Amino acid sequence: FHNKEHNVFLCKLMDMSASPNAVAAAAAAANGAGGAESNNSSGNPPAAGDGAAAAANFTEVAGLSVFNGSAFVADRYNHRIRQVVVSTGESSTVAGGAAYGNVDGPTARLNQPMGVAADGSGTLFFVEFWNHNVRKLSLSSSVVTTLAGSGASGRQDATLGTDAMFNSPQRIAV
């Protein structure tokens, strides 16, 4: 889903259970409601801010997965994967940062993460629109690893995952 009223969505989310159906209902209810705009007056996305739901800035929530009492959000134009604790609404960055890029490790750089899916054992999988790849994030170590995709746009199968090519993937499921 795409939701331009991210702060309203997160405020509603913190009042709900962590079930995927409840999260989807919160997203649907927030879509089209009043709230924070995704861009500031200059047309540029606002800086990402972690913290309380009402103070956090998200620019295009492009994917979401629920695991262990938290919603993990692909914050597309802030180039981050963010964790929102459902019971409190508190948000924090778990991967990525202000600068975009295609770097693995504990200080990974992302480029427009889109879909995100949790496997139920502490690993998140996500795809990136402009890096054209599939990556995983270990929540216990905060390490990001590229699983598939060369970083170049295309359509190519390969024996080695990082030799494969994708064209701007947007969704993932586990």
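Residues numbered from 1 in each chain as written. Predicted model: local features only at pLDDT ≥ 70, side-chain atom pairs only at ≥ 80, totals over all residues. Heavy atoms only, no water.

K.L.:
How should the environment of Ala148 be read in this particular structure?
P.N.:
Here Ala148 shows up in strand 8 (residues 143-148). Once residues within four sequence positions are removed from consideration, Ala148 is found in contact with Asn133, Val134, Gly161, Thr162 and Phe166. (Helix = DSSP H or I, 4+ residues; strand = E, 2+ residues; numbered from the N terminus. Contact = heavy atoms within 4.5 Å.)

K.L.:
Before we go on, may I ask you to explain the sheet that holds strand 5 (residues 113-118) in this structure?
P.N.:
Sheets are built from strands that pair by backbone hydrogen bonding, the pairs being arranged parallel or antiparallel. In space, the four strands of this open sheet follow the order 5-6-7-8, with antiparallel pairing throughout. With one partner strand each, in any of the chains shown, strand 5 and strand 8 form the two edges of the open sheet. Across the sheet, the mean angle separating the axes of adjacent strands is 25 degrees when strand polarity is ignored. One ladder, built from four bridges, connects strand 5 with strand 6 (residues 123-128); its direction is antiparallel. When the sheet's bridge partners are listed, Val116 is paired in strand 6 with Phe126. (Pairing = 2+ DSSP bridges. Axes fitted to C-alpha atoms, helices over the stretch in contact; angles between N-to-C directions.)

K.L.:
In this structure, what is going on with the pattern of salt bridges? I would like to understand it.
P.N.:
Two side chains carrying opposite charge are able to pair once their charged atoms lie near each other. Per the counting criterion, the structure on display carries five salt bridges. Arg135 is paired through a salt bridge with Asp104; the nearest N and O atoms lie 2.8 Å apart. Linking Arg135 in strand 7 (residues 133-138) with Asp104 in the loop between strand 4 (91-96) and strand 5, this pair joins segments that are 31 residues apart in sequence. Arg135 is paired through a salt bridge with Glu128; the nearest N and O atoms lie 2.8 Å apart. In this structure Glu128 comes out as buried when scored by relative accessible area, which is 0%. Members of the salt-bridge network, linked through shared partners, are Asp50, Asp75 and Arg82. (Salt bridge = Lys/Arg side-chain N within 4 Å of Asp/Glu carboxyl O. Buried < 20%, exposed > 50% of the residue type's maximum accessible area, 1.4 Å probe, protein only.)

K.L.:
What exactly am I supposed to notice about unusual backbone geometry here?
P.N.:
Trans is the common state for peptide bonds, and a negative phi is the common state for residues other than glycine. In this structure, Asn68 is a non-glycine residue whose phi angle is positive, near 55 degrees. Judged by relative accessible area, which is 69%, Asn68 ranks as exposed. Of note in this structure, Ser168 is not a glycine but carries a positive phi near 50 degrees. Within the secondary structure, Ser168 sits in the segment after strand 8. Under the relative-accessibility criterion, Ser168 is labelled buried at 12%.

K.L.:
Is there a simple way to think about the packing of aromatic side chains in this case?
P.N.:
Per the stated rule, a full pass over the model turns up one aromatic pair. Arranged with centres 4.9 Å apart and planes meeting at 90 degrees, the rings of Phe129 and Trp130 form a pair that is edge-to-face. Seen from the ring of Phe129, Arg76 lies directly overhead, with NZ or CZ sitting 4.7 Å from the centre. Taking NZ or CZ as reference, Arg82 lies 4.0 Å from the ring centre of Phe58, over its face. (Phe/Tyr/Trp six-rings, centres within 6.5 Å; stacked < 30°, edge-to-face > 60°. Lys NZ or Arg CZ within 6 Å of the ring centre and 35° of its normal.)

K.L.:
Looking at this structure, how should I read the pairing of strand 5?
P.N.:
Taken residue by residue, a regular strand's side chains alternate between the two faces of the sheet. Within strand 5, six of the six residues are buried, which leaves the element mostly enclosed by the surrounding structure. In this structure, the hairpin formed by strand 5 and strand 6 is closed by a connection of four residues, where Gly120 is found at a positive phi of approximately 90 degrees.

K.L.:
Explain the confidence of the model for the protein to me, please; I cannot follow it from the model alone.
P.N.:
Interpretation of this model should avoid reading the predicted coordinates in detail wherever pLDDT is low. Summarising the model, the protein shows a mean pLDDT of 79, and 72% of its residues fall at 70 or more. The element-level mean pLDDT for the protein is lowest in helix 2 (residues 20-30), coming to 42, with strand 6 highest at 97. Within the model, pLDDT remains below 50 along residues 1-8, and this stretch shows 42 contacts once partners closer than five positions in the same chain are excluded. Here residues 14-44 is a poorly scored stretch, pLDDT under 50, and it has 52 contacts once near neighbours within four places are set aside; other chains count. (pLDDT = per-residue confidence, 0-100.)

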